[in-house]
Amino acid sequence: MATVRFASTLKNNVLTQVQAAIDAGTTGGTIKIYSGTMPTTADTAITTQVLLGTLTYSKPCGTIAAGALTMSAITQDSAADATGTAAWARIADSNGSSVMDIDVSATGGSGALQLNTTNIVIGGPILITSFVISVS
């Protein structure tokens, strides 16, 4: 695998574009948590994956420093839509335009988005414990 390391200014510029895409629209963007296999791209339609729940960003969605976009407060989903194992999430602006797909894990795992548990139960809460996007 190739190694690429960007200059600090370029890292922050990339993350500024991500932040602007999430914050597009009149309210905060959304994080939709799914079970199943992550689509090939964030532009690929969701088919057999099950929507477990939706969380909402604050606006602005986060702060950028030293090549990392650290998310601000995210409103938990207090009543999950379905039961399943959280595997990935689609990030969108408040108009529903897709920004990116990310992997999900439990706290301490390797996922970019970490939940208190990946075992989601219908009607139960979905809570994010960590969400930071970094550019190397």
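Remember, it's a predicted structure, so these values are computed and weren't measured experimentally.

Enquirer: Explain the overall build of the protein chain to me, please; I cannot follow it from the model alone.
Expert: When you go through the protein chain residue by residue, the secondary structure sums to 1 helix and 11 strands. Its C-alpha atoms give the protein chain a radius of gyration of 15 Å, near enough to 14 Å, the size a compact globule of 136 residues would have. The C-alpha extent of the protein chain, read off along each of the three principal axes, is 45 × 40 × 30 Å. A total of 136 residues make up the protein chain; the buried ones form 40% of that total. In the protein chain, the share of contacts with a sequence separation of at least 24, taken over all contacts with a separation of at least 6, comes to 64%. As presented, the protein chain carries roughly 7,000 Å² of accessible surface, and 55% of it is formed by carbon and sulfur atoms. One way to put it: in the protein chain the 5 positive side-chain charges average out to a point 9 Å from where the 7 negative ones average out.

Enquirer: Please explain the sheet that holds strand S7 (residues 88-92) as it appears in this structure.
Expert: Adjacent strands of a sheet pair through backbone hydrogen bonds, lying either parallel or antiparallel. An order of S3-S4-S11-S9-S8-S7-S1-S2-S5 is seen for the 9 strands of this open sheet, with the pairing classed as mixed. For this open sheet the edge positions go to strand S3 (62-65) and strand S5 (74-75), each flanked by a neighbour on one side alone. In the packing of helix H1 (residues 8-23) onto the sheet, contacts are made with strand S2 (51-57), S3, strand S4 (68-71), S7, strand S8 (98-106) and strand S11 (128-134), and the angle to S3 comes to roughly 170 degrees.

Parameters at a glance
Residues numbered from 1 in each chain as written. Predicted model: local features only at pLDDT ≥ 70, side-chain atom pairs only at ≥ 80, totals over all residues. Heavy atoms only, no water. Helix = DSSP H or I, 4+ residues; strand = E, 2+ residues; numbered from the N terminus. Rg over C-alpha atoms; globule rule 2.2 N^0.38 Å. Buried < 20%, exposed > 50% of the residue type's maximum accessible area, 1.4 Å probe, protein only. Contact = heavy atoms within 4.5 Å. Areas by Shrake-Rupley, 256 points an atom, 1.4 Å probe, with all protein chains shown as cover. Lys, Arg positive; Asp, Glu negative; His and termini not counted. Charge placed at Lys NZ, Arg CZ, Asp CG, Glu CD. Pairing = 2+ DSSP bridges. Axes fitted to C-alpha atoms, helices over the stretch in contact; angles between N-to-C directions.

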